[in-house]
Structure formats: C-alpha cells, structure tokens
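# Structure at a glance
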Amino acid sequence: MTNVSSVELGQLKTGIVIPAFQAESTLTQVLDPLLRLTSPDRIIVVDDGSTDGTLQLAESKQVMTVRHPINKGKGAALMTGLLWARSNGWEWAVTLDADGQHATDDLKKFLSVAPSPDTGVVVGTRSIVGTKMPLHRRISNSLSTWIVSKLAGTAVFDAQCGYRAYRICIIDVFPQEGRFEWEAQALILCCRNGHGVEQVPVQTLYSGEDSHIRLAHDPWRFLRMAGRLAWTR
C-alpha cells in the first residue's frame, strides 16, 4: 500500500453502505439523520431481496440503491455495496445496519478518524457492561471476538459490530459472498493480508428489535468459517 500521510476520513471520498433486508419499518430513522450529515449520492442502500417496501422507501429518499433479486445474506449485500463504492471512486466506505441499532451521530466519529496508511478496517467498538445488550449477545460477542482475534493474529476489538469503515482499495481480499459470518471473516483476511485494524467507540443501542441472525444456522456458519481459516493458517 502506498505510504501516505494519515488523513481524516471526512477529508477523503468517503460514503455510506447500508445492507438492508425487510427494513421498511426502520430505514427512515436511519436515513433521515444521515441525510442531514451527508448528501444522497454518498449513501447506497443494498436491498438484499426484501419483499416489503425497503427498496421503494430508499428510492424515495433519493439515495443510491442496488437490489438483489433474492436474499443472498448480509455479507453478499456488503460486498455488493463495497464493489459499487469502488466503481464510483470512493476511497472509504462506512457500513451500518438498517435496523436502527447503530447511532447515526457516531458517523462523525468515523469521519474524524485519521487511519494509519496500513489500516484496512476501522471497527466500531461497543460497550458491553451497563448496556441493554442481551446476555446471549454479550456472550457470543466476547467469544467470537476472542476467536477472530486469535485467527487474525491481533486484536480486532468487536468482531460482531457492523458499524465499520473499510478502505476500498483492499476489498479484493474479502469474501465475495456470505451471511453474518462475513464480517468476522473480513477482519481475519484483512489482518492476514498485512492490513491493520483500528477502533472507534460507538454507542450500544437495543430497543427489542428482531435480529435477522438465524440461531439455527448462522452460528454454525461462523464455526465452519473459523475452522476452515484455522486449518489454512
């Protein structure tokens, strides 16, 4: 990677990628505050095969949109957004979820980060103690972060937080598809390919929203991914 001086993300061509599935009821509360902070052409919503009004709502806000005809999973939606960002000349992309569990005000923190030249991902780190994060998520977050840090060979801070910033020029090292295990795998591959991970503190928001994580399948996908990468280490 070119050795250039650190510059704040807000001074670079940085945009926002939002993977969305069945998000009609929450997307407005995400997009409206973001549109007060940036322009519509710096936001892309990737509709991952929703059957509700997610796509139409995003289009009504005049943000950029891409649609998967069928549900492919969060990882595939993120990769679609990152590839779109690269084709449109973005240097960094901040990703956040469409369910309202990421505080839009924290975008300012990401934009004020000046990552070092070798940093590939800036991870939002949530406080676990003293928050409304459910107990099972506290346990899974701590365990998955420990596993991913071991496989990455360095601390990755919060393996399950989807509030991140990705350096666009490194996205070829990421998986081309995947579901919720994609974000953990992306951190591991980022580090294994010589790129660093930095962190920025973000708020922990939980208001009883349903998660799209499928408890019968997604933990097994994570474990299979971790086992495969441990074997190929």
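Everything below is about the structure printed above this text.
Notes on the structure follow. (Residues numbered from 1 in each chain as written. Predicted model: local features only at pLDDT ≥ 70, side-chain atom pairs only at ≥ 80, totals over all residues. Heavy atoms only, no water.)

### So, the packing of aromatic side chains
In plain terms, the rule: Each aromatic pair joins two rings of Phe, Tyr and Trp (for Trp, the six-membered one) with centres within 6.5 Å, and gets the label stacked for planes under 30 degrees apart, edge-to-face for over 60, and tilted for any other angle. By definition, any uninterrupted DSSP run of H or I lasting at least four residues is a helix, any uninterrupted run of E lasting at least two residues is a strand, and each is numbered from the N terminus. Note on exposure labels: buried denotes an accessible area under 20% of the residue type's maximum, exposed denotes more than 50%, and partly exposed covers the range between, all computed with a 1.4 Å probe on protein chains only.
Tallying each qualifying case throughout the model produces 5 aromatic pairs. Ring geometry for Tyr 166 and Trp 182: centres 6.0 Å apart, planes at 65°, overall edge-to-face. Of the two residues, Tyr 166 is situated in strand β6 (residues 164-167) and Trp 182 in helix α6 (residues 182-192); the sequence distance between them amounts to 16 residues. Just as Tyr 166 is buried, Trp 182 falls in that class too. By way of ring pairs, the aromatic residues Tyr 166, Phe 174 and Trp 182 are connected into one cluster.

### Description of the sheet that holds strand β5 (residues 119-126)
Stated formally: Whether two strands pair comes down to DSSP finding at least two bridges between them. Here, axes are lines fitted to C-alpha atoms. For helices the fit covers the stretch in contact, and angles between N-to-C directions go from 0 to 180 degrees.
Read across the sheet, 7 strands follow the order β3-β2-β1-β4-β6-β5-β7 without closing on themselves; strand pairing throughout is mixed. For this open sheet the edge positions go to β3 (64-68) and β7 (196-202), each flanked by a neighbour on one side alone. Along the sheet, successive strands turn relative to each other by an average axial angle of 20°, direction set aside. As judged from the 4 bridges shared by strand β1 (residues 14-20) and strand β4 (residues 92-95), these two strands associate in the parallel manner. Within the sheet, the bridge partner assigned to Val 17 lies in β4 and is Thr 95.

### Observations regarding the side chain of Asp 47
Put simply, the rule reads: In protein, a polar contact means a hydrogen-donor-capable atom and an acceptor-capable atom, both N or O and within 3.5 Å, with residues adjacent in sequence counting only if both atoms are side-chain atoms; elsewhere, any N or O pair within 3.5 Å suffices. Contacts: residue pairs with any heavy atoms within 4.5 Å of one another.
Note on placement: Asp 47 falls in strand β2 (residues 43-48). One polar contact links Asp 47 to Ser 50, side chain to side chain, over a distance of 2.6 Å. Within the local environment of Asp 47, its side chain forms a polar contact with the side chain of Arg 67, the two groups lying 3.3 Å apart. Setting aside residues up to four positions removed in sequence, Asp 47 forms contacts with Ala 20, Thr 54, Leu 55, Val 66, Arg 67 and His 68.

### So, the environment of Glu 181
Checked against the element boundaries, Glu 181 lands in the loop between β6 and α6. Relative accessible area serves as the criterion here: at 12%, Glu 181 is assigned to the buried category. Residues Glu 181 and Ala 159, spaced 22 residues apart in sequence, show a C-alpha to C-alpha distance of 9.6 Å. In contact with Glu 181, other than residues within four places in its own chain, are Arg 221, Phe 222 and Met 225.

### Remarks on the environment of Ala 77
Following the sequence through the fold, Ala 77 ends up in helix α3 (residues 74-87). Through-space distance from the C-alpha of Ala 77 to that of Ala 20 is 7.9 Å; in sequence the pair is 57 residues apart. For Ala 77, the contacting residues outside a window of four places in its chain are Pro 19, Val 46, Asp 48 and His 68.

### With respect to α3
What counts, and what does not: To estimate how far a helix should extend, the number of its residues minus one is multiplied by 1.5 Å.
Compared with an ideal rise of 1.5 Å per residue, which puts 14 residues at 20 Å, α3 spans 20 Å between its outermost C-alpha atoms and is within 8% of the ideal. With 10 of 14 residues buried, α3 is to be regarded as a mostly interior element. Along α3, the residues classified as buried are Lys 74, Gly 75, Ala 76, Ala 77, Leu 78, Met 79, Gly 81, Leu 82, Trp 84 and Ala 85. The inward-facing, buried residues of α3 abut β1, β2, β3, β4, β6 and α6. Just downstream of α3, Gly 89 is the residue with a positive phi angle, here 80°.

Read these as geometric descriptors, not functional statements.
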